[in-house]
Amino acid sequence: MATIHMVLQGKGGVGKSMIASFIAQYKLSKGHRPLCVDTDPVNASFQAYKSLKVQHLQIMKGEDIDPRSFDQLVEQVAKAKEDVMIDNGASSFVPLSAYLITNQVPALLRDMGHQLVVHTVVTGGQALSDTVHGFAQLVKQFPAEVQFVVWLNPYWGPIEHEGKPFEHMKAYLAHKDRVSAIIRLPHLKEETFGRDLSDMLQHHLTFDEALASSTMTIMARQRLSIIKKQLFEQFAAVPVL
């Protein structure tokens, strides 16, 4: 049985490709070789991670899902022995979600012996309302057998509403039984840890590539090593990872 990890969130620029790359890197660190697929029709950021051997699959035809291309994705997933990591773009979020539900893809994957896990991002700042709403809509749309992992990304500001953290918000309390884990991305100081991680992401490097790079300073590599350790320790506590 393979676990199919799919990153879905209707808001762009919230870190979906970063999260997909983190999951893939964690799997590799455990000796696995996940099948990585980028279905973003506009910004194929996940595909830019060359060492992860990400396939880019164009599943859109105009504003709709191209059934034949999606069928090809299902064929690959059906044969998967290792976990599958799928990153999807904001522009195809609505049609893909509708297509998955209408064609009962979660049930199909279950009948194949696979498990579908949806990873979604909640951010602070101006995107807080949109990303929280996106989480709630996803949970309502997908059937009960689908597991959810919520990633809290504080890059744009604290993730709180009227002083309440995400875990006290109505959207979470109403659907917490569907959430298998909450992963907190670290709030990093911009001039040190934050800048080092940003540089790594902009160059689409994995942690291992950055740590082996002679162009990185010793202290930059040290800080990236700390970030990797903190993240992977969280991942190790998540059963669906």
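First things first, this report covers the structure right here in the doc. (Residues numbered from 1 in each chain as written. Predicted model: local features only at pLDDT ≥ 70, side-chain atom pairs only at ≥ 80, totals over all residues. Heavy atoms only, no water.)

With respect to the overall build of the protein
Here is the rule we go by: Only DSSP runs of H or I reaching four residues or more are called helices, and only runs of E reaching two or more are called strands; each is numbered from the N terminus. Restricting the calculation to C-alpha atoms gives the radius of gyration, and the globule rule supplies 2.2 Å times the number of residues raised to the power 0.38. Think of it in three bands: with a 1.4 Å probe and only protein chains considered, a residue is buried below 20% of the maximum accessible area for its type, exposed above 50%, and partly exposed in between. Each accessible area is a Shrake-Rupley estimate made with a 1.4 Å probe; only the visible protein chains count as cover when residues are assessed. Residues counted as positive are Lys and Arg, residues counted as negative are Asp and Glu, and His and the chain ends are not counted. Note that the charge is assigned to NZ on lysines, CZ on arginines, CG on aspartates and CD on glutamates.
When you go through the protein residue by residue, the secondary structure sums to nine helices and 11 strands. Compactness check: the protein gives a C-alpha radius of gyration of 17 Å against a globular reference of 18 Å for 241 residues, within 12% of the reference. Projected onto its principal axes, the C-alpha positions of the protein cover 50 × 45 × 35 Å. Every one of the 241 residues in the protein was classed for burial, and the buried ones make up 51%. Put simply, the protein shows about 11,900 Å² of open surface, and 51% of that area lies on carbon and sulfur atoms. Of the side-chain charges in the protein, 24 are positive and 24 negative, and the distance between the mean point of each set is 4 Å.

A few points about the packing of helix H2 (residues 67-79) against helix H3 (residues 93-102)
Inclusion rule: As a rule, the C-alpha atoms of each element are fitted with a line to give its axis, helices using only the stretch in contact, and angles between N-to-C directions run from 0 to 180 degrees. Angle categories are assigned with fixed cut-offs, so that under 35 degrees is roughly parallel, over 145 is roughly antiparallel, 65 to 115 is roughly perpendicular, and the rest are oblique. Handedness of a helix crossing follows the sense of rotation of the near helix relative to the far helix, less than a right angle counterclockwise being left-handed and clockwise being right-handed. Note on contacts: a residue pair qualifies if any of its non-hydrogen atoms lie within 4.5 Å across the two residues. Only Asp, Glu, Lys and Arg are considered charged in this grouping, and only Ala, Val, Leu, Ile, Met, Phe, Trp, Tyr, Cys and Pro are considered nonpolar; every other residue, Gly among them, is considered polar.
Between H2 and H3, the shortest axis-to-axis distance is 13 Å and the interhelical angle comes to 65 degrees. Taken together, H2 and H3 sit at an angle that is classed as roughly perpendicular. By crossing handedness, the relation of H2 to H3 is classed as right-handed. Residue-level inspection shows Pro-67, Phe-70 and Asp-71 of H2 in contact with H3, the latter providing Leu-96, Tyr-99 and Leu-100. Class assignment of the residues belonging to the contact of H2 with H3 gives a composition of five nonpolar, no polar and one charged.

A few points about empty space enclosed by the protein
We apply this condition: In this analysis a 1.4 Å probe is tested at points of a 1 Å grid over the protein atoms alone, and where it fits but cannot get out there is a cavity; an open set with protein on both sides within 12 Å along at least five of seven lines is a pocket; lining residues have an atom within 4 Å of a point. Grid points are joined across faces, edges and corners, and a volume is the space filled by probe spheres set on the points.
All chains considered together, the criterion is met by one cavity of 30 Å³ or more. Taken as a whole, the largest cavity spans an internal volume of roughly 80 Å³. For the largest cavity, the full set of lining residues is Ile-4, Met-6, Phe-70, Leu-73, Val-74, Val-77, Ile-86, Leu-100, Val-105, Leu-109 and Leu-116. Residue assignment for the lining of the largest cavity shows that the elements contributing at least two residues are strand E1 (3-7), H2 and helix H4 (105-111). A total of four residues in the lining of the largest cavity trace back to one element, the largest contributor, which is H2. Grouping the constituent residues of the lining of the largest cavity by class yields 11 nonpolar, no polar and no charged.

As for the sheet that holds strand E6 (residues 84-87)
To keep it simple, the criterion reads: Between any two strands, pairing holds if DSSP finds at least two bridges.
With parallel pairing, the seven strands of this open sheet are ordered in space as E3-E2-E6-E1-E7-E8-E11. Among the strands making up the open sheet, the edge pair consists of strand E3 (55-56) and strand E11 (179-184).

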